[in-house]
Amino acid sequence: MSGVAATSAGLRDRLRDGWPVLLIGLALAALPFARSVELFIFIMALLGARAFVKQGRTLAWSGGGRLFSVLFLLLWLPMLLSIPDAIQSDKTLLGALSYPRFYFAGLFVLQVMAEEKARRRLLKLSAFLLLFWLADALVQLFFQRDLFGYQYLPGRLNALFGEESKRFGYVLAVLSPLLFEYVRRQWPRWAQVAVALIVLVVVLLAGSRAAWIMLFVIFCGYFLIYLRDQRRKALRWLGAGLVSGLAVILAAYLFYPPFTARMDTSLLVLKGDATSIDTAISLRLPIWEVAMKMYEDHPVNGVGVHGFRHAYPQYALPDDPFVLPGGTTGALHSHHLWLEVAAETGTLGLLGFAAAMGLLMMRWRQAPRAAQRLALPWMLVLVALLFPFNTHVPTYSLLMSVLLWLTAALYCAACGDDSVRAKAGVQAAKQAEFN
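This structure is a prediction, so every number in the text was calculated from the model and none was measured.

### Description of the nonpolar core
Across soluble globular proteins, nonpolar side chains show a tendency to be buried alongside one another.
Okay, step 1: Counting 119 residues, the largest nonpolar core has Met-44, Met-113, Trp-405 and Tyr-411 as its most contacted members.
Okay, step 2: With 16 residues, helix α18 (residues 398-415) is the single largest residue contributor to this core.
Okay, step 3: Apart from the residues lying within four places of it in its own chain, the contact partners of Tyr-411 are Leu-67, Leu-360, Arg-363, Trp-364, Ala-375, Trp-378, Met-379 and Leu-382.
Okay, step 4: Counting 13 residues, the second largest nonpolar core, distinct from the first, contains Ile-287, Ala-291, Ala-311 and Ala-331.

### Re the packing of aromatic side chains
Okay, step 1: Summed over the entire model, instances satisfying the criterion amount to 21 aromatic pairs.
Okay, step 2: A centroid spacing of 5.6 Å and a plane angle of 55 degrees characterise the contact between Phe-161 and Phe-168, whose relative ring orientation is tilted.
Okay, step 3: Their ring planes at 75 degrees and their centres at 6.4 Å tell us that Tyr-182 and Trp-187 sit as a pair that is edge-to-face.
Okay, step 4: The class for Trp-187 is partly exposed, based on a relative accessible area of 28%.
Okay, step 5: Counting every residue linked through ring pairs, the aromatic cluster contains Phe-52, Phe-68, Phe-72, Trp-76, Tyr-99, Phe-102, Tyr-103, Phe-104 and Trp-405.

### Comments concerning unusual backbone geometry
Okay, step 1: Phi at Ala-34 takes a positive value of approximately 50 degrees, unusual for a residue other than glycine.
Okay, step 2: As for its position among the elements, Ala-34 is in the loop between α1 (2-29) and α2 (37-55).
Okay, step 3: Residues other than glycine seldom take positive phi values, yet His-335 does so here, at roughly 60 degrees.
Okay, step 4: For His-335, the position within the fold is in the loop between α15 (308-315) and α16 (337-366).

### Let's talk about the side chain of Thr-260
Okay, step 1: With respect to the element layout, Thr-260 can be found in helix α12 (residues 257-267).
Okay, step 2: When sequence neighbours within four positions are dropped, the list of residues in contact with Thr-260 reads Ala-252, Tyr-253 and Leu-254.

### Some remarks on the pattern of salt bridges
Okay, step 1: All told, the structure shown has six salt bridges when counted by the stated rule.
Okay, step 2: The partner of Glu-116 in a salt bridge is Arg-119, with the nearest N and O atoms 3.0 Å apart. Of this pair, Glu-116 and Arg-119 are both found in helix α7 (residues 116-143), three residues apart, which corresponds to roughly one turn of the helix. Residues Glu-116 and Arg-119 agree in their burial class; the two are buried.
Okay, step 3: A salt bridge links Arg-184 to Glu-181; its shortest N-O distance comes to 2.5 Å. You can see Arg-184 and its partner Glu-181 sitting in helix α8 (residues 168-186), three residues apart, about one turn around the helix.

Cut-off values and rules
- Residues numbered from 1 in each chain as written.
- Predicted model: local features only at pLDDT ≥ 70, side-chain atom pairs only at ≥ 80, totals over all residues.
- Heavy atoms only, no water.
- Core = buried A, V, L, I, M, F, W, Y, C linked by side-chain atoms within 4.5 Å.
- Buried < 20%, exposed > 50% of the residue type's maximum accessible area, 1.4 Å probe, protein only.
- Helix = DSSP H or I, 4+ residues; strand = E, 2+ residues; numbered from the N terminus.
- Contact = heavy atoms within 4.5 Å.
- Phe/Tyr/Trp six-rings, centres within 6.5 Å; stacked < 30°, edge-to-face > 60°.
- Salt bridge = Lys/Arg side-chain N within 4 Å of Asp/Glu carboxyl O.

As C-alpha cells, then:
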C-alpha cells in the first residue's frame, strides 16, 4: 500500500507542477483556431491578477518582472494616450482598456517559468506541438487534405489553420526557434539538419513572404550565436546550410509552380521602378503612403489603436485599390510594424517601441552566458517578431499580442533567473580569483 500511496503522491505532484505549463502550451496550441486562444489568455490573466494581488511588487517589480512591466508600460501607455484624438474612439478605448489582459497573463507566465525545469517542459511541449504542425502540413501537401480535413490550396499550405487562413507559415516561422532549440539540445546533428530543412520547405510552400524573412532572420541569429561560441564549426555549418538551403529553394522553384510564380513576383523588386516594386510587394505602396499621411497629420499620438482602417479613406487617393466606392473603411492594417505604430499611436508609440527594443537588447548584452543560452529561443522569437524590415500582421491584433507578450514573459523569466545569475557570478568570482 505504501508503494501505491507513493505513486499516487508522485502523480499528484507532477499534475500540480505540470498543469500551469500545460495551460501555456494550450494557448500556443489554440493559435490556429481563431479567437479560441482568448479562453486560455483569460484564464492566465485571472491567475496572474490573483498572483499580482497577493504578491504585488515582488512579482511585478523584481527579477524578470521589472523588465516585463517596463516593456508593457512602454507599449501600453501610448495606446492610452491615443484615445483623445482617436478616429474610432470606442474601438480605441476598448482596445486600450482590454490590453492589460496580456500583462496579467504574462505575470502568470513569469511566475510559472521562474524555474528552468518549467521552461524545459514548455520547450519540449512546444517542440512536439510544432512537429505535429509540420506533420499535418506534409500530410496536406501529399494527400491534398490535412488530418482535420482542410483542403490544400495551391501555393498556400495552411495545415490545421484552415482554408481561409494565411497565418500558418507566419506562426510556424516565428515559433521555429522553440523546435530548433529543443532539437539542438536533445537530438543528434543529422536530425537537427533534417528538421531545419523540413521547416524551410514547409515555410516556403506556405507562401508567406513575411515568414520567409522571419525564418531567414532566425537562421542568421543562430549563425551569429555559433560564430561567437564556435567560430570554426559555425563557418563549416554556414557553408553546409547555404548549400542545403539553396538546393531546397532551387528545387521548389523548378518543380513547384505556385512557389515559382510567387518568387518571380517577388523578384520584380529588382527592376527598381515604382510599378514593379508595388507589384512585388502585393500593392503595399499605397497603404504605406496612407500610413505616412496619417502620421504626418497626427504626429503626436496617431489616429488611435484599431483606427487605421477607419481613417484610411480620408487619406487615400481617389483610385486607391483598397477603398471600395462609397466605402467607409480601407486596408485593414499597414502591413508594417513601425508604420502602423506611427499611424495609430504617433511619435509616442514609436518612442515606446524603440525604448522597449533597446531594453531587450540591453538585457541580453548584460545577461551572463548561461542566462543567454537559456533565453536564446525566446530571444530569437522576439527578434523575428519585431524585425523592422518586414511586413507584419496587425501590430495590436490578438495574434501579435499573444505571440509578443507570452514570448516576452518567457524571455524575461529566463534572463531574470536569479539562480542562473548567481551561479554565473560565483563562476566569475572564482575565475577572477584564479587569475
